[in-house]
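So the chains spell out like this:
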Amino acid sequence: MTLDEIIALFDSPIFSIQDKVFTLGDLLMLPAFLFVGYLLISWTIRLIVMRMRSKGVAPDVVHLVRRILFILAFLALFITTLDLINVPITAFAFLSGAVAIGFGFGAQNIINNFISGWILMWERPIRIGDFLEVDGVKGNVETINTRSTRIRRTDGVHMMIPNSKLLENTVVNWTLVDNRSRTTVSVGVAYGSPCRLVASLIEQAVAEQQDVLKEPAPIVIFDEFGDNALMFVAYFWMNASVEGHLRMIRSNIRFRIEELFAENDICIAFPQRDIHIDGKLTVHKADVE
């Protein structure tokens with residue numbers, strides 16, 4: 001096949017839209033140009049993201065900038081490609097309108113989640129790395145996509161939550177402003193124990209933990225006279241990014257309380273029952289052969 005025949009093959013018409021004739025060369029050049037443009041866009045955005053991360057920019061901001069740059073760059077690439085093959089954008093006006101109407105009726109939920117995803121990334125009520133509580137489930141946000149948000153639960157299982165659910169329902173963000181959270185430790189001691197000393201020992205056990213904040217200062221409250229114990233509750237603040245850290249610190253405090261109580265002969269209460277019998281009680285010793 002000669003060069004003229006090859007050129008004629010590429011110039012052979014395939015179809016036309018609004019008097020615009022598409023040749024075989026146009027159809028082959030279009031995906032090749034888009035592919036090369038996509039590679040250049042990905043490489044450029046990757047460099048920008050690496051530069052932002054090296055400067056310590058927040059992960060959710062990096063994520064938002066990457067999404068915006070990719071959409072704008074791909075839109076510019078698409079328009080440039082159409083202009084390169086001399087295709088007016090108005091040629092797709094009717095087709096795109098019909099597709100948009102059909103897509104809007106058939107994918108309302110998807111569009112809702114898509115818009116919600118951009119709202120989450122733009123307003124940043126939820127950020128990558130935040131510790132959330134949604135419908136009683138707790139976990140860290142790993143990524144915010146355009147349709148759903150991926151959360152890693154405290155047990156290691158990944159959850160995909162629709163973005164619209166995060167905007168329409170009540171979501172507890174433990175780390176929206178900072179990592180500070182308040183928690184409590186309760187303990188009951190036997191009746192007759194020195195209450196002032198008990199409160200002082202509990203406060204000492206809490207204050208000895210490095211992760212417990214000095215301000216606001218921990219508070220120990222004599223909570224109530226229980227059925228089987230004198231109940232004390234310690235309230236304190238600490239920096240903790242995950243629930244597992246909270247449980248570990250509470251466990252360390254309980255270990256320390258048990259040690260201090262043992263050193264001072266203070267008994268941690270346990271359920272007891274007093275039985276009162278009216279009348280006489282006779283105990284018979286059975287004969288054992």
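First, a word on what this report is: a plain description of the structure on this page. Every value quoted in this text rests on a predicted model; they were computed, and no experiment measured them. The residue numbering used here restarts from 1 in each chain and proceeds along that chain's sequence as written. pLDDT decides what is reported in this predicted model: residues at 70 or higher carry local features, side-chain atom pairs at 80 or more are listed and counted, and totals for whole chains, interfaces and linings draw on all residues regardless. Excluding hydrogens and water, the side-chain figures rest on all heavy atoms present in the structure.

1. Notes on the layout of surface pockets
Consideration 1: Cavities and pockets are found on a 1 Å grid laid over the protein atoms alone: a cavity is a set of points where a 1.4 Å probe fits but cannot escape, a pocket is an open set with protein on both sides within 12 Å along at least five of seven lines, and a lining residue has an atom within 4 Å of such a point. Grid points are joined across faces, edges and corners, and a volume is the space filled by probe spheres set on the points. By volume, the largest pocket amounts to about 170 Å³.
Consideration 2: Every residue along the wall of the largest pocket is listed here: Ser 42, Ile 45, Arg 46, Val 49, Arg 53, Arg 66, Arg 67, Phe 70, Ile 71, Phe 114, Trp 118 and Thr 146.
Consideration 3: Mapped onto the lining of the largest pocket, the elements with two or more residues apiece are helix 2 (24-54), helix 3 (59-84) and helix 5 (108-123).
Consideration 4: In this description a helix means any DSSP run of H or I spanning at least four residues, a strand means any run of E spanning at least two, and both kinds are numbered starting from the N terminus. It is helix 2 that provides the largest number of residues to the lining of the largest pocket, a total of five residues.

2. What to know about the packing of aromatic side chains
Consideration 1: In summary, the pairing rule links any two rings of Phe, Tyr or Trp, Trp by its six-membered ring, whose centres are within 6.5 Å, and it sorts them by plane angle into stacked for under 30 degrees, edge-to-face for over 60 and tilted for everything else. For the structure shown, the criterion picks out four aromatic pairs.
Consideration 2: Ring centres of Tyr 38 and Phe 70 lie 6.1 Å apart, and the angle between their planes is 90 degrees; this geometry places the pair in the edge-to-face category. Residue Tyr 38 is found in helix 2, and its partner Phe 70 is found in helix 3; the two are separated by 32 residues along the sequence.
Consideration 3: Partly exposed describes any residue whose relative accessible area lies between the buried limit of under 20% and the exposed limit of over 50%, with all areas from a 1.4 Å probe on protein chains only and scaled to the type maximum. Judged by its relative accessible area of 32%, Phe 70 is partly exposed.
Consideration 4: Grouped by ring-pair contacts, the aromatic residues Tyr 38, Phe 70 and Phe 74 constitute a single cluster.

3. Examining unusual backbone geometry
Consideration 1: The omega angle of the peptide bond from Glu 215 to Pro 216 is -5 degrees, so this bond is cis rather than trans.
Consideration 2: Relative to the helices and strands, Pro 216 is located in the loop between helix 7 (195-207) and strand 9 (219-225).
Consideration 3: For Asp 135, which is not a glycine, the phi torsion comes out positive at approximately 55 degrees.
Consideration 4: Structurally, Asp 135 can be placed in the loop between strand 3 (131-134) and strand 4 (137-144).
Consideration 5: Residues other than glycine seldom take positive phi values, yet Asp 265 does so here, at roughly 55 degrees.
Consideration 6: Structurally, Asp 265 can be placed in the segment after helix 8 (243-263).
Consideration 7: Residue classification places Asp 265 among the exposed positions, given a relative accessible area of 72%.

4. Focus: the sheet that holds strand 10 (residues 230-239)
Consideration 1: Any two strands with at least two DSSP bridges between them are considered paired. In spatial order, the strands read 8-10-9; together these three strands make up an open sheet with antiparallel pairing. Two strands in the sheet have a free side with no partner beyond their single neighbour: strand 8 (180-189) and strand 9. Geometrically, the sheet is characterised by an average inter-axis angle of 25 degrees between neighbouring strands, direction not taken into account.
Consideration 2: Here strand 9 runs beside strand 10; their pairing, made up of six bridges, is antiparallel. Paired with Ile 221 across the bridge in strand 10 is Val 233.
Consideration 3: Each of strand 8, strand 9 and strand 10 is contacted by helix 7, which is oriented at about 20 degrees to strand 10, the strand it contacts most. Axis definition: a line fitted to C-alpha atoms, over the contacting stretch in the case of helices. Angles run 0 to 180 degrees between N-to-C directions. Residues are treated as being in contact if the distance between any of their heavy atoms lies within 4.5 Å.

What is shown is where atoms sit, not what they do.
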